[in-house]
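Secondary and tertiary structure notes
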Amino acid sequence: MELENAKKELLQLQERMSAYNHAMGLISYDGETTAPKGTAQNRAHSLGILSEITYQLSTGKDTVALLEYLDAHKDELTQKEKRMVYLLIKDIRFMQKIPMEEYVAYQKLTVESQDAWYNAKMNDDFASFEPYLEKIFDYQKRFAHYAAPDMDPYDYWLNEYEPGLSRRVCDEFFATLRQRIVPLIKACGEKDQVSDDCLKGDFSEDKQEQLALWLMETMGLDRQHVGLSTTEHPFTTSLGSHLDERITTHYQREDVSSSLFSVVHEGGHALYDTGSDGDLAYTVLDGGVSMGIHESQSRFYENILGRSKGFIRFLFPKLQELFPDEMRPYTWQDVYRAVNRVQPSLIRTEADEVTYSLHVMIRYEIEKRVMAGELSVHELPCAWNKMYKEYLGVDVPNDRQGVLQDSHWSFGAIGYFPSYALGSAYGAQFMAKMKESVDVDAALAQGDFAPINAWNKEHIWHFGSLLTPREILDSALGAPFDPAYYLRYLEEKCRDVYGLDY
Ligand code: ZN
């Protein structure tokens, strides 16, 4: 095989894969958004066939021969080509170890189980979701075992979502957080309580949608390439990275902050994906590299920027314009304090920044125990409720607001949750570094995201998946990752909002 030809074929292969991923992503996205509720089986059928084709395309002997040839010539490849070959071979090695029937059956299962989760959540009926979830955990254990027989299955999945992550790293990271976050929550709880009345009222969906679109534009999202729709659980999906990105939100009529911060969070994911260099289109390098770095961006926009004094002050006139009656009695300072209120609660996605990591730790501990066979899926609701009481001091009234609240497990994302806490901590350190060269406060005060986005693009986004998460952290931060930045950031926020002498 001639090298130049092989390089061309490498690109063609990825273009074909992108097309299948586009189709499969669109079918899934449709299922979450506009498809009528009775169509899951039809989607599962099509996805089953498409995943069979992609399985064959990825593991077929032509593909394997091509990639092995290129791998043998890796010294003659560019950095981009080398990374493409590395990522593709890694995927193939995984696929080759999974029997095709199991792979296809699993794809179908995740479609049906997402539907089962949705119905179970709506009807507060964990029992109807339990058999699906049991199968999902079983598959994830089995797949991990096929892929890396010598590795602990949970370590395998943690490392898939965030290369380098393991139970050992998580245990240490969470212990560090817990040591300072638990007393911080206690100290805030002993101060006068902050009211969040200004966020509650009657906020029409129509006006909330106007707010969402305004936020997207303010953040610098290109609405020609980034769509917005509504779902039970907000998410971002990439249908071709910088070419076509979809975000979703959930409007709660009685609480304006829910959709507001969802949009800014998902918008952060979309900024990252759409910020990849143009020449990465239709390759495996297009879009974000890991869930940890992804969440570092989404949670950076949602919290570090979105809940900052500067941004809230800039946002307030827009809230007054859209919701004049609701906002009349309040000032921007009321909104700033309300969105930073520290209050142990039931729902992760609506938790404040300080208690947030505890929600993640609960999910991490539960996944760890189920994957180790120490806890059965049947016992999940009970274990969940017990841990919410122990970690956050709250009583879970039903599974809908408890173990069924998140969709992640229904599509097999086991090992994903720690990325949220890790990403939050990365974000705080990115901010400290960004402030060395960008006047972030001045930019936010004017609602000018351009210099902030430019820094992120230069140091994080434009690489797509070219660099590993560790390489991105090292090159952007110029120092090792250190959760102390995050803890200092949280303490400073509490000092400001609660007047702690901490
Ligand atoms: Zn996210």
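What you see is a predicted model; the values in this text were computed from it and never measured.

1. Digging into the coordination of the zinc ion
- For the zinc ion, the full set of protein donor atoms is His 265 (NE2), His 269 (NE2), Glu 295 (OE) and Glu 295 (OE), at a range of 2.1 to 2.7 Å.
- Every donor residue of the zinc ion comes from the same chain, spaced as H-x3-H-x25-E. With a gap of four residues between them, His 265 and His 269 both fall in helix α10 (residues 256-274), about one helical turn apart. Like His 265, the residue His 269 is buried in the burial classification.

2. Structural notes on the sheet that holds strand β2 (residues 236-238)
- Within the open sheet, the three strands sit side by side as β1-β3-β2. Their pairing is mixed. Here the strands that pair on one side only, and so sit at the sheet edges, are β1 (226-230) and β2. Direction aside, the axes of adjacent strands within the sheet are offset by 20° on average.
- Here α10 sits on the sheet and contacts β1, β2 and β3 (245-249); the angle it forms with β3, its principal contact strand, is near 170°.

3. Let's talk about the domain arrangement of the protein
- Per the domain assignment, the segments of the protein are domain 1 (3-150) and domain 2 (167-498).
- Put simply, the middle of domain 1 and the middle of domain 2, counted by C-alpha atoms, are 27 Å apart.
- Listed by partner, the interface residues are 36 residues for domain 1 and 41 residues for domain 2.
- Of the roughly 3500 Å² buried between domain 1 and domain 2, counting both surfaces, carbon and sulfur atoms make up 68%.

4. What about the packing of aromatic side chains?
- The final tally for this structure, using the stated rule, is 30 aromatic pairs.
- Ring geometry for Tyr 55 versus Tyr 103: centroids 5.4 Å apart, planes at 40°, classification tilted. A residue pair is termed long-range when its members are at least 10 positions apart, and Tyr 55 in helix α2 (residues 40-59) and Tyr 103 in helix α5 (residues 100-122) qualify at 48 residues. When sorted by exposure, Tyr 55 lands in the same class as Tyr 103, which is buried.

5. Some remarks on the environment of Ser 424
- Mapped onto the elements, Ser 424 comes out in helix α17 (residues 418-434).
- On the accessibility criterion, Ser 424 (5% relative accessible area) is buried.
- Residues Ser 424 and Ser 296, 128 residues apart in the sequence, show an inter-C-alpha distance of 5.3 Å.
- When near neighbours in sequence (up to four residues on either side) are disregarded, Ser 424 contacts Arg 299 and Tyr 486.

6. As for the packing of helix α6 (residues 126-147) against helix α7 (residues 153-161)
- Their axes nearest at 9 Å, the elements α6 and α7 cross at an angle of 85°. Considering their axes alone, α6 and α7 lie roughly perpendicular with respect to each other. Every residue of α7 that contacts α6 at Gln 140, Lys 141, Phe 143, Ala 144 and Ala 147 is listed here: Pro 153, Tyr 156 and Trp 157.
- The residue makeup of the contact of α6 with α7, split by class, is six nonpolar, one polar and one charged.

Calculation notes
- Residues numbered from 1 in each chain as written.
- Predicted model: local features only at pLDDT ≥ 70, side-chain atom pairs only at ≥ 80, totals over all residues.
- Heavy atoms only, no water.
- Donors = N, O, S within 2.8 Å, 3.2 Å for Na, K, Ca; no water.
- Helix = DSSP H or I, 4+ residues; strand = E, 2+ residues; numbered from the N terminus.
- Buried < 20%, exposed > 50% of the residue type's maximum accessible area, 1.4 Å probe, protein only.
- Pairing = 2+ DSSP bridges.
- Axes fitted to C-alpha atoms, helices over the stretch in contact; angles between N-to-C directions.
- Contact = heavy atoms within 4.5 Å.
- Domains from an automatic or database assignment.
- Buried area = accessible area lost by both parts, 1.4 Å probe.
- Phe/Tyr/Trp six-rings, centres within 6.5 Å; stacked < 30°, edge-to-face > 60°.
- Parallel < 35°, antiparallel > 145°, perpendicular 65-115°, else oblique.
- Nonpolar A, V, L, I, M, F, W, Y, C, P; charged D, E, K, R; others polar.

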